[in-house]
Amino acid sequence: MDNVQPEGKKQIALNIVNAKSKHKGFGAGSIDLNNVSPVIIDGGEAVIDIGAMHAKSKVEKGIRFSMNRDDVPDGRQVWVVWVAVDRTPEGQLYGGITACEMWIDAEARRGWKILADHVNKLDAALKRKIILEGLGSAEKAALKSLLMSHNADWWAASSDELKEALSE
C-alpha cells in the first residue's frame, strides 16, 4: 500500500533532534541518540557495532527473533551494552551504561531477546544509569578494556560508580 497523504496533511515521523538543531515545533524534546553507542559482547570479546542501534549488528543479521527463550535451546549468550557519553565543562566521559541479554543460534538462524528490555535499557543509559546485572566477570573485563582503549581520557573522567561496576 502506498503511503499517500491527503493534500495539506503532514506525515507524522520520529524527529531526532540534536544540539545543532534549532527545532522548536512538533516533536521538540525528542531524544538525541548522537551520544550513545552500542557495544556487542560475544564470546568474551567486546566490539562497538553501530548496526545494533537498529537491531542490525553483525550477530543479529539474518536471525529470526522470538520472545520465547525455549525457541533457542542451543543458543549462545550475547550482550548489547548501551554506552552513553556525557559532556561536562571539563570534557567528555562515559556517563551511562546498561546491558541487555540476547541468545543467538546462528546455525538455526534463531534468536531470543526482549525488545522492550533493549529499548528501556537504552533509555536508562541516556538517563546516565548504570545497570549491568547479568554480566559476568569476563564480559565486564572485555567491556572495561574496550572503553579504556577507545578513549582513556573519557575513562579517567568517568564516575567511580561506573568504574566499580566494571571491576566487580
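The preceding data block contains the structure.
Residues numbered from 1 in each chain as written. Predicted model: local features only at pLDDT ≥ 70, side-chain atom pairs only at ≥ 80, totals over all residues. Heavy atoms only, no water.

Some points on the overall build of the protein chain
Part 1 of the argument: Helix and strand content of the protein chain: four helices and seven strands.
Part 2 of the argument: Starting at the N terminus and ending at the C terminus, the protein chain contains elements arranged as β-β-β-β-β-β-α-β-α-α-α.
Part 3 of the argument: The buried share among the 168 residues of the protein chain stands at 37%.
Part 4 of the argument: Intrachain contacts of the protein chain at a sequence separation of at least 6 include 61% that bridge at least 24 residues.
Part 5 of the argument: Accessible area of the protein chain: about 10,500 Å², with a carbon and sulfur share of 51%. (Helix = DSSP H or I, 4+ residues; strand = E, 2+ residues; numbered from the N terminus. Buried < 20%, exposed > 50% of the residue type's maximum accessible area, 1.4 Å probe, protein only. Contact = heavy atoms within 4.5 Å. Areas by Shrake-Rupley, 256 points an atom, 1.4 Å probe, with all protein chains shown as cover.)

Let's talk about helix α2 (residues 137–150)
Part 1 of the argument: Compared with an ideal rise of 1.5 Å per residue, which puts 14 residues at 20 Å, α2 spans 20 Å between its outermost C-alpha atoms and is within 8% of the ideal.
Part 2 of the argument: The complete set of buried residues in α2 reads Glu 139, Lys 140, Ala 142, Leu 143, Leu 146 and Leu 147. Buried residues along α2 cover an arc of 165° about the axis, so they all sit on one side. Set apart from the buried face of α2 by more than 90 degrees, the exposed residues are Ser 137 and Ser 149. (Expected span 1.5 Å × (residues − 1). Arc of directions from axis to C-beta.)

Thoughts on the packing of aromatic side chains
Part 1 of the argument: Tallied over the full model, the rule gives one aromatic pair.
Part 2 of the argument: Against the face of Trp 103 rests Arg 69, its NZ or CZ located 3.9 Å from the ring centre.
Part 3 of the argument: Seen from the ring of Phe 65, Lys 113 lies directly overhead, with NZ or CZ sitting 4.4 Å from the centre. (Phe/Tyr/Trp six-rings, centres within 6.5 Å; stacked < 30°, edge-to-face > 60°. Lys NZ or Arg CZ within 6 Å of the ring centre and 35° of its normal.)

Quick word on helix α1 (residues 115–126)
Part 1 of the argument: Along its 12 residues, α1 runs 17 Å from first to last C-alpha, staying within 8% of the 16 Å computed at 1.5 Å per residue.
Part 2 of the argument: Buried within α1 we find His 118, Lys 121, Leu 122, Ala 124, Ala 125 and Leu 126.
Part 3 of the argument: Considering only its buried residues, α1 is in contact with β1 (36–42), β4 (76–88), β5 (91–105) and β7 (130–131).

Examining the pattern of salt bridges
Part 1 of the argument: Tallying each qualifying case throughout the model produces six salt bridges.
Part 2 of the argument: Of the charged contacts in the structure, one is a salt bridge between Asp 42 and Arg 76, with a shortest N-O distance of 2.9 Å. With a gap of 34 residues between them, Asp 42 in strand β1 and Arg 76 in strand β4 connect regions that are remote in the sequence.
Part 3 of the argument: When the shortest N-O distance is used, the salt bridge between Asp 117 and Lys 121 registers 3.4 Å. Of this pair, Asp 117 and Lys 121 both sit in helix α1, separated by four residues, roughly a single helical turn.
Part 4 of the argument: According to the relative accessible area criterion, Asp 117 is partly exposed, its value standing at 27%. (Salt bridge = Lys/Arg side-chain N within 4 Å of Asp/Glu carboxyl O.)

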